[in-house]
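# Reading the structure
What follows is the residue order along each chain.
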Amino acid sequence: MDHRLHPAHLVHRGSAVDDAEHGIGVGLVLRHPEHPGRSRKALATGAALVVLAIGVGTIVEYVLGVDLHIDHLLIHAGTGLYAGRPSPFTAPALVVLATAVLVFDTLPSAQGRPSEGLILVGGIIAFASLIGLVFEAEDLYRLSTAPIVGVALPTATSLLSIAAGLLLERPKAGFMRMVTSPGPGGVMIRRLVLPTLLMPPLLGLAVLWLSGPIKTEVIASPFAFLTAALAVGGMALVTITAVPLDRTRVALESASQRTRMLVEQAADGILVADCDGCCTEVNRAGHQMLGYDPEELLGRPIVELVVPDDVERLHRFNGQLADGTTRIAEWSLLRKDGALLPVEVSAKILPDGRWYGLIRDISERKRLEQALRVS
């Protein structure tokens, strides 16, 4: 419902806005599944088309100065100028939100879905109208060409809630995928969205309250415009800052995944130990060489993998790695079944203090050397 200004006071009256909001709500519910059936999709499309017709028809009525009796077809709106008609600010919001329902799942894998842009436009219209109502700045919720029709508080709140609901319907698609991600960009947006939207109105209201009743009437509209611009601009700035942060995280994760894939496919064993000498990472080849399951090696001290006679030698060997150089040595490792595995280890200390070893099985080489000596 929208505001109607009567000679004595402003009142609320039923209008086509209620039906339009119900239509968008029905479309939202029917679009809830990611892959709705034909019947649900057809019903959602029909509801959105009805709302779109109401919004476009209302805009035509205001632009051309005609009365198409759109509101009278839906409810009994009474008599009088603009009776039951959505306001000039409500109609565009209904148009973009209805269009968003129509193209809701278009380009679902894109970084920004078309429907999200339309939803944000509708949400901004509702948010600006809400700011105008709070600041009593009529320029933000009523046009001078239609002075007796303005956005009502329930209408602005309802449209803003619908826009938020449409965005949250697909949290893992488009722009919302970044907002809901665990990365730094998503975390920043979720932490700053409420302060960014609420702080400008609260500060503006505080300043208006301190300015006194006379100054308030003069500066209410400029303050309302400034407040809405700061809130919307602040969210845009937060988003612009968050996008590269999340892109960097995705790029780092992709690079890490590729590196891990290469490590897992390596023919040689790769073993990484922490500063205490306990295994923290072992690739597939390392597990297969030693005969252990992956979880059995994690946390196991390296000294348990060498024969007891080589423990003292291992300590000296690790001490030689303190200068950051890479050293190669042959060792006999203990497999899980108790058998000895001759290996060649290329080891070094990483910059963060961890121990890194590249393990190569030299059993075949040792067998050939033994056969050569015997021959």
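Described in the following lines is the structure provided in the data block. (Residues numbered from 1 in each chain as written. Predicted model: local features only at pLDDT ≥ 70, side-chain atom pairs only at ≥ 80, totals over all residues. Heavy atoms only, no water.)

Glancing now at the pairing of strand β7 (residues 340-349). Bridge analysis of strand β6 (residues 327-334) against β7 gives eight bridges, and the strand direction is antiparallel. In the sheet register, leucine 333 faces β7, and the bridge partner there is leucine 341. From the end of β6 to the start of β7, which pair antiparallel, there are five residues, and glycine 338 there has a positive phi angle of about 95 degrees. Two strands pair when backbone bridges link them, and β7 and strand β8 (residues 355-361) are joined in this way by seven bridges, in the antiparallel orientation. Bridge pairing in β8 links alanine 347 to glycine 357. Here β7 folds back onto β8 in antiparallel fashion, the turn holding five residues, of which glycine 353 has a positive phi close to 95 degrees. (Pairing = 2+ DSSP bridges. Helix = DSSP H or I, 4+ residues; strand = E, 2+ residues; numbered from the N terminus.)

On to the packing of aromatic side chains. The relative placement of two aromatic rings is captured by the distance of their centres and the angle of their planes. Counted according to the given criterion, the structure contains one aromatic pair. Taking 5.4 Å as the distance between ring centres and 75 degrees as the angle between the ring planes, the aromatic pair formed by phenylalanine 317 and tryptophan 331 counts as edge-to-face. You can see phenylalanine 317 sitting in helix α11 (residues 311-320) and its partner tryptophan 331 sitting in strand β6, a full 14 residues away along the chain. Its relative accessible area of 7% is what places phenylalanine 317 among the buried residues. Across the ring face of phenylalanine 104, the terminal group of arginine 113 is positioned such that the distance to the ring centre comes to 5.2 Å. Arginine 313 extends its terminal NZ or CZ atom over the ring of tryptophan 331, reaching a point 3.8 Å from the ring centre. (Phe/Tyr/Trp six-rings, centres within 6.5 Å; stacked < 30°, edge-to-face > 60°. Buried < 20%, exposed > 50% of the residue type's maximum accessible area, 1.4 Å probe, protein only. Lys NZ or Arg CZ within 6 Å of the ring centre and 35° of its normal.)

A word on the sheet that holds β6. On the basis of which strands lie adjacent, the open sheet formed by five strands has the order β5-β4-β8-β7-β6 and antiparallel pairing. Here the strands that pair on one side only, and so sit at the sheet edges, are β5 (279-282) and β6. Sheet twist, expressed as the mean angle between neighbouring strand axes with direction ignored, is 30 degrees. Across five bridges, the pairing between strand β4 (residues 269-273) and β8 is antiparallel. Directly across from glycine 269, in β8, lies its bridge partner isoleucine 359. Of the strands in this sheet, β6, β7 and β8 touch α11, which is tilted by about 150 degrees from β6. (Axes fitted to C-alpha atoms, helices over the stretch in contact; angles between N-to-C directions. Contact = heavy atoms within 4.5 Å.)

Structurally, serine 129 is set in helix α5 (residues 114-135). The exposure class of serine 129 is buried, given its relative accessible area of 2%. For serine 129, the residues in contact, after removing those within four places along its chain, are Phe89, Leu140, Tyr141, Val151 and Ala156.

In terms of nonpolar packing, the biggest core is built from 26 residues, with Ile24, Leu97, Ile119, Leu159, Leu166 and Ile189 touching the most fellow members. Of all elements in the fold, only α2 (38-64), α4 (90-102), α5, α6 (153-168), α7 (174-179) and α8 (184-265) reach the threshold of two or more residues within this core. Considering each element in turn, this core owes the most residues, eight residues, to α4. In this structure isoleucine 119 touches Leu97, Ala100, Phe104, Ala163, Leu166 and Leu167, once residues within four positions along its chain are discounted. Formed by 23 residues, the second largest nonpolar core is a distinct cluster that contains Ala273, Cys279, Leu297 and Phe317. (Core = buried A, V, L, I, M, F, W, Y, C linked by side-chain atoms within 4.5 Å.)

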